[in-house]
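So you can see what is in the structure, the chains are spelled out below.
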Amino acid sequence: MERDTKSRQVGLARALSKLGFCSRSQAAKLIRAGRVRLNGAARRDPETPVRLGRDRIEVDRNAVTAESKIYVMLNKPRGVVTTASDEKSRPTVYSLLGETLPWVGPVGRLDQASEGLLLLTNDSEWAARISDPGSHLDKTYHVQVSAETGDSLTDKLLSGVRNGGELLRAKQARVVRRGEKNTWLEITLDQGKNRQIRRMLQQLGMEVLRLIRVAIGPLALGQLPKGQSRALAPLEKSALDRALRNSRDQTRILEKG
């Protein structure tokens, strides 16, 4: 018998996130502040069990229903942080989104100094699959380094660099353009390690001047202007899902082999 997924139990904070109302951390704050009611009773424990599809959830006495799934791509500028709010009052990616857009959360991260393709969605399960390091989904970057360099550097990136006890390796690496004082590289990763490119190049004595994510799987940043966002086309979403399935299948084959 198939399990009734609509009535499965999850924590109250997670339920609000899954319904696309807000992030889990934001939901936890609302719950602890006494603003969330479950079946008419106020609850202050974010882990209170909820039967999705059966229980009634209210925030400030307004019923919460499932939002339509939204999938957005943003060309993140340098200097913008990937958080809802920042204690240092730095600009956030949310300042770039339209006020009419329902809540969406970032899929993974781009650090403050990095630029380029960032996905946002209110589909928390899809976001978790895309950002899971175990998915080994390709992510491609254009990187400017402060040196004129060549194939020896790309060979080292492909062979792997040890940093912090981890072997960091690029899946693909090539020189895109050389200048008198710097070089542009194209680097594709599938490991999902934190700050991987910066750590690899720092270990090799290279200063990163710019780091731009230009693709996630088959989804390319293209000509989207800096600071602008747009919804994913259905075919783009389908292509990403297909690439994710293929990547996971290939990972399972390699693990079994």
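Here the structure is shown first, and the text comes after it.
Residues numbered from 1 in each chain as written. Predicted model: local features only at pLDDT ≥ 70, side-chain atom pairs only at ≥ 80, totals over all residues. Heavy atoms only, no water.

1. Digging into the overall build of the protein
Helix and strand content of the protein: six helices and 17 strands. Overall, the protein is about 65 × 50 × 35 Å in size when its C-alpha atoms are taken along their principal axes. Every one of the 257 residues in the protein was classed for burial, and the buried ones make up 45%. Long-range pairs, those at least 24 residues apart, make up 65% of the contacts in the protein with a sequence separation of at least 6. Summed over all atoms, the accessible surface of the protein reaches about 14300 Å², with 46% contributed by carbon and sulfur. Of the side chains in the protein, 46 bear a positive and 29 a negative charge, and the two mean positions are spaced by 3 Å. (Helix = DSSP H or I, 4+ residues; strand = E, 2+ residues; numbered from the N terminus. Buried < 20%, exposed > 50% of the residue type's maximum accessible area, 1.4 Å probe, protein only. Contact = heavy atoms within 4.5 Å. Areas by Shrake-Rupley, 256 points an atom, 1.4 Å probe, with all protein chains shown as cover. Lys, Arg positive; Asp, Glu negative; His and termini not counted. Charge placed at Lys NZ, Arg CZ, Asp CG, Glu CD.)

2. As for the environment of Gln 202
Take Gln 202: it is sitting in helix H5 (residues 196–203). In this structure Gln 202 comes out as exposed when scored by relative accessible area, which is 62%. For the pair formed by Gln 202 and Asn 163, sequence separation is 39 residues and the distance between their alpha carbons is 9.4 Å.

3. Some words on the sheet that holds strand S2 (residues 36–38)
Ordered in space as S3-S2-S5-S6, the four strands form an open sheet in which the pairing is antiparallel. Each edge of the sheet is formed by a strand with only one pairing partner; in this case those strands are strand S3 (41–42) and strand S6 (62–63). Of the strand pairs in this sheet, S2 and strand S5 (residues 57–59) are connected by three bridges, and their pairing is antiparallel. Looking across to S5, one finds that Arg 37 is bridged to Glu 58. (Pairing = 2+ DSSP bridges.)

4. Considering the side chain of Gln 144
For Gln 144, the position within the fold is in strand S10 (residues 139–145). Given the relative accessible area of 13%, Gln 144 is considered buried. Excluding residues that lie within four positions of it along the chain, Gln 144 makes contacts with Asn 182, Thr 183, Trp 184, Glu 207, Val 208, Leu 209 and Arg 210.

5. With respect to unusual backbone geometry
At Asn 39, a residue that is not glycine, the phi angle is positive and equals roughly 50°. Given a relative accessible area of 47%, Asn 39 falls into the partly exposed group. The phi dihedral of Asp 60 falls on the positive side, at around 55°, and the residue is not glycine. Mapped onto the secondary structure, Asp 60 falls in the loop between S5 and S6.

6. Focus: the nonpolar core
The tendency in soluble globular proteins is for nonpolar side chains to be buried as a group. Among the nonpolar cores identified, the biggest contains 28 residues, and Leu 120, Val 143, Leu 157, Leu 185, Ile 187, Ile 197 and Leu 201 are the most heavily contacted of them. Among the nonpolar cores identified, the runner-up in size contains 17 residues, and Leu 12, Ala 27, Val 36 and Val 64 belong to it. (Core = buried A, V, L, I, M, F, W, Y, C linked by side-chain atoms within 4.5 Å.)

7. Quick word on the packing of aromatic side chains
Across all of its chains, the model carries one aromatic pair by this definition. Taking NZ or CZ as reference, Lys 237 lies 4.7 Å from the ring centre of Tyr 71, over its face. (Phe/Tyr/Trp six-rings, centres within 6.5 Å; stacked < 30°, edge-to-face > 60°. Lys NZ or Arg CZ within 6 Å of the ring centre and 35° of its normal.)

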